[in-house]
Amino acid sequence: MNESRVIAVVVTYQPDGPALARLLQRLVPQVQHTVVVDNTDESCRPLPPPPTGTVQTWLSLGRNTGIAHAQNLGVEHARQLGATHVLFMDQDSLPPEGMVPQLLQSLTAAAPDHRVAAIGPLCRDIKTGRITPLIQRRGWRIQRVQAKGTAPIPVEYIPASGTLAALSALDRVGLFRAEYFIDRVDVEWCLRARHLGMGIWVDPRCVMQHDQATRAVRLLGRTLYIGRDFRAYFHVRNSVAMAAHAAIAPFWRWDQIIKTLPYVVLYTLAARHGRLHMAKTLLVAVCDGLRGRMGKGHYESKPLR
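Because the structure is predicted, anything quoted here is derived from the model rather than measured.

About the thresholds
Residues numbered from 1 in each chain as written. Predicted model: local features only at pLDDT ≥ 70, side-chain atom pairs only at ≥ 80, totals over all residues. Heavy atoms only, no water. Helix = DSSP H or I, 4+ residues; strand = E, 2+ residues; numbered from the N terminus. Buried < 20%, exposed > 50% of the residue type's maximum accessible area, 1.4 Å probe, protein only. Contact = heavy atoms within 4.5 Å. Areas by Shrake-Rupley, 256 points an atom, 1.4 Å probe, with all protein chains shown as cover. Pairing = 2+ DSSP bridges. Phe/Tyr/Trp six-rings, centres within 6.5 Å; stacked < 30°, edge-to-face > 60°. Salt bridge = Lys/Arg side-chain N within 4 Å of Asp/Glu carboxyl O. 1 Å grid on protein atoms, 1.4 Å probe; cavity = no way out; pocket = protein on both sides within 12 Å on 5 of 7 lines; lining within 4 Å. Points joined across faces, edges and corners; volume = space filled by probe spheres on them. Nonpolar A, V, L, I, M, F, W, Y, C, P; charged D, E, K, R; others polar. Expected span 1.5 Å × (residues − 1). Core = buried A, V, L, I, M, F, W, Y, C linked by side-chain atoms within 4.5 Å. Patch = residues over 30% accessible without salt bridge, like charges linked within 9 Å, V, L, I, M, F, W, Y side chains within 5 Å.

*Asks:* Tell me about the overall build of the protein chain, residues and numbers included.
*Replies:* Counting secondary structure elements, the protein chain contains nine helices and 13 strands. In the protein chain, which comprises 305 residues, the share counted as buried stands at 50%. A separation of at least 24 residues holds for 74% of the contacts in the protein chain among residues at least 6 apart in sequence. With an accessible surface of roughly 14,600 Å², the protein chain has 54% of that area assigned to carbon and sulfur atoms.

Here it is, written out as structure tokens:
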């Protein structure tokens, strides 16, 4: 077996300079090459240069093409660099030391017998300190569980940031859906892999700091964590698009359909910039998802803040 060559693909959009520098300084010693794909618009203030030796390749796209398109460009660049594995990272993450070798070891050990498509770390939210629960399916039930022990844990899907995948798995499952633009991109890819009979795992020995870009809201006496207003359109539209068009198991189609109304109600009640405007936007999101009107879609002409 050829020696593994891990290429990191870091997608950025108007990143905080010091935070990005910390990420790169932590990441670079763990991989063979680092590719940063920057979605920042040319009109925005340019970033200060990254620390010396932290970036071997910087791809500036000059406009926001969406996270999935940027990830796909990174994968193709990694392929040209002779990658055997690709590690995906967001600008808001901070991997622990030794994370990549640990993930690679677990993935290599599991892949021959279990056909594992990808593996990732546990994610600890920077703001709340909470470990993101793991998603498992038991028959017709979905369970959100906390990790126990040290053995890798099979799950249904994981966040993109921190995900390590073999290039052969990416070739089999396919690239990310660029038309989704942002949100649910990682979920759709993982469910596509699961539909092909491939596993998605989490290694509980690795805990990565990550800013989940959520805010706390109080509804019906409970504290819930949801994304910013502008993500609501993409969350709902892409969930409906998954149900209607994605190559995923029927169970997950029904899951997306059943959850659409609660999504709409939750985002409308929690809207910061007008509930009526949010409700109208999410109605458009449902219609766009059904019709397959993707890309920046409604957000491109009338963005939420």
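*Asks:* Explain the pairing of strand 8 (residues 141–145) to me, using residue names and the numbers behind them.
*Replies:* Bridge count between strand 7 (residues 134–138) and strand 8: five bridges; the pairing is antiparallel. The residue of strand 8 that forms the bridge with L134 is V145. In sequence, strand 7 turns back onto strand 8 through a hairpin of two residues, with G139 there showing a positive phi of about 65 degrees.

*Asks:* Describe the packing of aromatic side chains, listing the residues and the values that go with them.
*Replies:* Using the criterion set out here, one finds seven aromatic pairs in the structure. Between F176 and W189, the aromatic rings sit 5.8 Å apart at their centres with planes inclined by 40 degrees, giving tilted as the arrangement. Here F176, found in the loop between helix 4 (167–173) and helix 5 (185–195), pairs with W189, found in helix 5; they are 13 residues apart in sequence, far enough to count as distant. Measuring from centroid to centroid gives 5.2 Å for Y233 and F234, while their planes differ by 80 degrees, and the two rings are edge-to-face. In this structure an aromatic cluster arises from ring pairing among W140, Y157, F251 and W252.

*Asks:* Mind laying out the pattern of salt bridges, listing which residues take part and the relevant values?
*Replies:* Considering all chains together, one arrives at 11 salt bridges under this definition. Here R79 and E76 are joined by a salt bridge, their closest N and O atoms 3.3 Å apart. Placement of both R79 and E76 in helix 2 (residues 67–80) is noted, with a separation of three residues, approximately one turn of the helix. Assessed through its relative accessible area of 31%, E76 is described here as partly exposed. Among the salt bridges present, the one from D288 reaches R291, with a minimum N-O distance of 2.9 Å. Placement of both D288 and R291 in helix 8 (residues 275–291) is noted, with a separation of three residues, approximately one turn of the helix. Judged by its relative accessible area of 0%, D288 is buried.

*Asks:* Mind laying out empty space enclosed by the protein, listing which residues take part and the relevant values?
*Replies:* Under the defined criterion, the tally for this structure stands at one cavity of 30 Å³ or more. As a volume, the largest cavity reaches approximately 50 Å³. A per-element tally of the lining of the largest cavity places helix 5 first, with three residues. Taken together, the residues of the lining of the largest cavity break down into eight nonpolar, one polar and one charged.

*Asks:* An account of the environment of L59 is needed here, citing residue identities and associated values.
*Replies:* Structurally, the position occupied by L59 is in strand 3 (residues 57–60). Along the primary structure L59 and H77 are separated by 18 residues, whereas in three dimensions their C-alpha atoms are 9.6 Å apart.

*Asks:* Can you explain helix 6 (residues 229–245)? Please cite residues and give values.
*Replies:* Over its 17 residues, helix 6 runs 25 Å from end to end, which matches the ideal 24 Å to within 8%, given 1.5 Å per residue. With respect to burial, helix 6 is a largely interior element, 13 of its 17 residues being buried.

*Asks:* With reference to specific residues and values, describe the nonpolar core.
*Replies:* Residues L170, W189, I200 and W252 are the most contacted members of the largest nonpolar core, which totals 46 residues. Looking at this core element by element, the count peaks at six residues for helix 5. With 24 residues, the next largest nonpolar core counts L23, L24, V31 and V100 among its residues.

*Asks:* Tell me about a nonpolar patch on the surface, and name the residues and values.
*Replies:* On the surface, a nonpolar cluster with roughly 360 Å² of combined accessible area is contributed by W254, I257 and I258. The residue W254 is located in helix 7 (residues 250–269) in this model. By relative accessible area, which is 53% here, W254 ends up exposed.

*Asks:* Summarise unusual backbone geometry; cite the residues concerned and give the values.
*Replies:* Positive phi, close to 70 degrees, is recorded for F181, a residue that is not glycine. Among the structural elements, F181 can be located in the loop between helix 4 and helix 5. For F181, a relative accessible area of 6% translates into the label buried. The backbone of D183 sits at a positive phi, close to 80 degrees, despite the residue not being glycine. Considering the arrangement of structural elements, one finds D183 in the loop between helix 4 and helix 5. Judged by its relative accessible area of 14%, D183 is buried.

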